[in-house]
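Reading the structure
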Amino acid sequence: NNNNNDDVKNVKNGDSDNKNEYDPLMIKDVNGENSGRVFVGLATHQTTGSSVHFHAQLIPTIERENIDFQDPYLKLWNNSLIKIGGMVIREMFDIYLKNMISSQNKNKSNNNKSITTNYNKLDNQPKNLEILKNILQMATFSTSTPSSKVSDLLKNGFFALTTTTRSLFVPWIDKNNNNNLSLLPISDIFLPDLGIEDFVSVPVISKELIDLCPKFWDKLKNDKLIKTVTQTHILQALDNPMTEIKSIKFLIWICSNSNSKHIDIPQLLKKFRFLQEDAFYSKNNKKDNNDNNNGDDDDNNENDEQDDEEIGVKTSGVVKFSRIKFFF
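All values reported here derive from a predicted model rather than from experimental measurement.

Thresholds applied
- Residues numbered from 1 in each chain as written.
- Predicted model: local features only at pLDDT ≥ 70, side-chain atom pairs only at ≥ 80, totals over all residues.
- Heavy atoms only, no water.
- Core = buried A, V, L, I, M, F, W, Y, C linked by side-chain atoms within 4.5 Å.
- Buried < 20%, exposed > 50% of the residue type's maximum accessible area, 1.4 Å probe, protein only.
- Helix = DSSP H or I, 4+ residues; strand = E, 2+ residues; numbered from the N terminus.
- Contact = heavy atoms within 4.5 Å.
- Salt bridge = Lys/Arg side-chain N within 4 Å of Asp/Glu carboxyl O.
- Phe/Tyr/Trp six-rings, centres within 6.5 Å; stacked < 30°, edge-to-face > 60°.
- Lys NZ or Arg CZ within 6 Å of the ring centre and 35° of its normal.
- pLDDT = per-residue confidence, 0-100.
- Expected span 1.5 Å × (residues − 1).
- Polar contact = N/O pair within 3.5 Å; in protein donor to acceptor, adjacent residues only side chain to side chain.
- Lys, Arg positive; Asp, Glu negative; His and termini not counted.

1. A look at the nonpolar core
- Of all hydrophobic cores here, the largest spans 46 residues; its most connected members are Phe 93, Phe 216 and Trp 217.
- Among the secondary structure elements, those contributing two or more residues to this core are β3 (37-40), α2 (72-102), α4 (126-138), α5 (149-160), β7 (169-174), β8 (180-185), α6 (207-212) and α7 (214-222).
- The element best represented in this core is α2, accounting for six residues.
- Among all residues touching Phe 93, those that are not within four sequence positions of it are Ile 135, Leu 136, Met 138, Ala 139, Phe 158, Leu 168, Phe 169 and Phe 216.
- Among the nonpolar cores identified, the runner-up in size contains 19 residues, and Ala 237, Met 242, Ile 254 and Leu 268 belong to it.

As structure tokens, this is what we get:
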């Protein structure tokens, strides 16, 4: 009738709040989220647990509403085909992610680590952020219904391509390098925890990427495929003197977690040093000053030189660092 035709026109124009009602390929799972469907020519009741639809020559049940996992021979066929589908999703994930980032950069490269673009470019273009979100949702496997085997097999196929020679690359925003967005192996990157990411030296997933698709990162964490920054990374960061900005963030973090029983705050503070960024001066000035110093000053200068050697400064100037004494 005319009323229904008007409703369909409104949906096409983006004026309806219930677009899924007119989309035969989109259903909602038990959690109220959009989920892909499995097709065997026609749509089945089976979901994929991912944001992608899956069509293949699977053998359904007699009523053609579900996938047959009961017959031993049909089960072997269906299991193998669905796992191959997971491998295809992995290939799509890698290609789409690489192309999405490289499309923002004129410098093309075949090396994932050298593919970079500025995240601010994407942030200014909501369409590109939506594309990045959709790519991450491809690899976010929730429990499929009515059979959970489908999502398990797709997930197994997806990660079956992760080997010692081929790692899963994920997006990362380098806050210390003009917010450059690049791809890093999942083994080299960490999830944030308790604000530690503000001053450690290891790559950490930023809040922007986590908020874009939180379930993707949660799944990786629950499956122990990605690690979280720990106190060990703090100790590594304290091996070198911290800059002024990182020193402030570190001390703020110390104050915020002063009552924690899981953090050895005295140990961290004993290692803490910070750079005096305004203490640059030429070696010539230092030599002139040494000529006018008395014996006591010479001893102090020797200590300064030892400090300089400790932090390994090999430039035309000298950087001094300072320690703060804490009393407990």
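2. Overview of the environment of Leu 154
- With respect to the secondary-structure elements, Leu 154 resides in helix α5.
- C-alpha separation for the pair Leu 154 and Ser 80, spaced 74 residues apart in sequence, amounts to 9.9 Å.
- Not counting chain neighbours up to four residues away, the residues in contact with Leu 154 comprise Thr 48, Ile 82, Gly 85, Gly 86, Ile 89 and Phe 141.

3. A few points about the pattern of salt bridges
- Across all of its chains, the model carries six salt bridges by this definition.
- A salt bridge links Asp 94 to Arg 166, with the nearest nitrogen and oxygen atoms 2.7 Å apart. Of the two residues, Asp 94 sits in helix α2 while Arg 166 sits in the loop between α5 and β7, which places them 72 residues apart along the sequence.
- The salt bridge partner of Asp 223 is Lys 155, with a shortest N-O separation of 2.4 Å. With Asp 223 in the loop between α7 and β10 (227-228) and Lys 155 in helix α5, this residue pair connects regions lying 68 residues apart in the sequence.
- Residue classification places Asp 223 among the partly exposed residues on the basis of a relative accessible area of 32%.
- Accessibility expressed as a relative area gives 22% for Lys 155, which makes it partly exposed.
- Counted as one network, the salt bridges with shared partners bring together Arg 90, Glu 91, Asp 94 and Arg 166.

4. Some thoughts on the packing of aromatic side chains
- This structure, assessed with the given rule, holds eight aromatic pairs.
- The interplanar angle of 70° and the centroid separation of 5.6 Å between the aromatic rings of Phe 93 and Phe 158 together place this pair among those described as edge-to-face. Here Phe 158 lies in helix α5 and Phe 93 lies in helix α2, a separation of 65 residues in the sequence. For the residue pair Phe 93 and Phe 158, the accessibility class agrees, reading buried in each case.
- Seen from their ring centres, Phe 158 and Phe 159 are 4.9 Å apart, and the 75° between their planes marks the pair as edge-to-face. Per residue, the accessibility class of Phe 158 equals that of Phe 159, and both read buried.
- Taken together, the ring pairs connect Phe 93, Phe 141, Phe 158, Phe 159, Phe 216 and Trp 217 into an aromatic cluster.
- Above the face of the Phe 158 ring, Arg 90 is positioned so that its terminal group lies 5.6 Å from the ring centre.

5. So, the confidence of the model for the protein chain
- Looking at the protein chain as a whole, its pLDDT mean stands at 75, while 67% of the residues score no less than 70.
- Mean pLDDT across the elements of the protein chain ranges from a minimum in helix α1 (residues 2-12), with 40, to a maximum in α5, with 95.
- Every residue in residues 1-32 scores below 50 in pLDDT, and together they form 23 contacts with partners more than four places removed in sequence or on other chains.
- Counting interchain partners and residues more than four positions distant, the pLDDT-below-50 stretch residues 278-289 has 14 contacts.

6. What about α2?
- For α2, built from 31 residues, the straight-helix expectation of 45 Å at 1.5 Å per residue is met to within 8% by its first-to-last C-alpha distance of 45 Å.
- Burial in α2 covers these residues: Asn 78, Ile 82, Gly 85, Gly 86, Ile 89, Arg 90, Phe 93, Asp 94, Leu 97, Met 100, Ile 101 and Ser 102.
- The N-cap residue of α2 is Asp 71: its side-chain oxygen and the backbone nitrogen of Tyr 73 are 3.0 Å apart.

7. Section: the side chain of Asp 68
- Tracing the backbone through its elements, the reader meets Asp 68 in the loop between β5 (54-55) and α2.
- Lys 149 is the oppositely charged side chain nearest to the buried, salt-bridge-free Asp 68, at an N-O distance of 8.8 Å.
- A polar atom in the side chain of Asp 68 sits 2.9 Å from the backbone nitrogen of Gln 70.
- Asp 68 has contacts with Ile 59, Pro 60, Thr 61, Leu 74, Lys 75 and Asn 78, leaving out every residue within four places of it along the chain.

8. Description of the side chain of Thr 140
- Of note, Thr 140 is situated in the loop between α4 and α5.
- In terms of polar contacts, Thr 140 uses its side chain to reach the backbone carbonyl oxygen of Leu 136, at 2.9 Å.
- Excluding anything up to four places from it in sequence, Thr 140 contacts Gly 49, Ser 50, Cys 213, Lys 215, Phe 216 and Lys 219.

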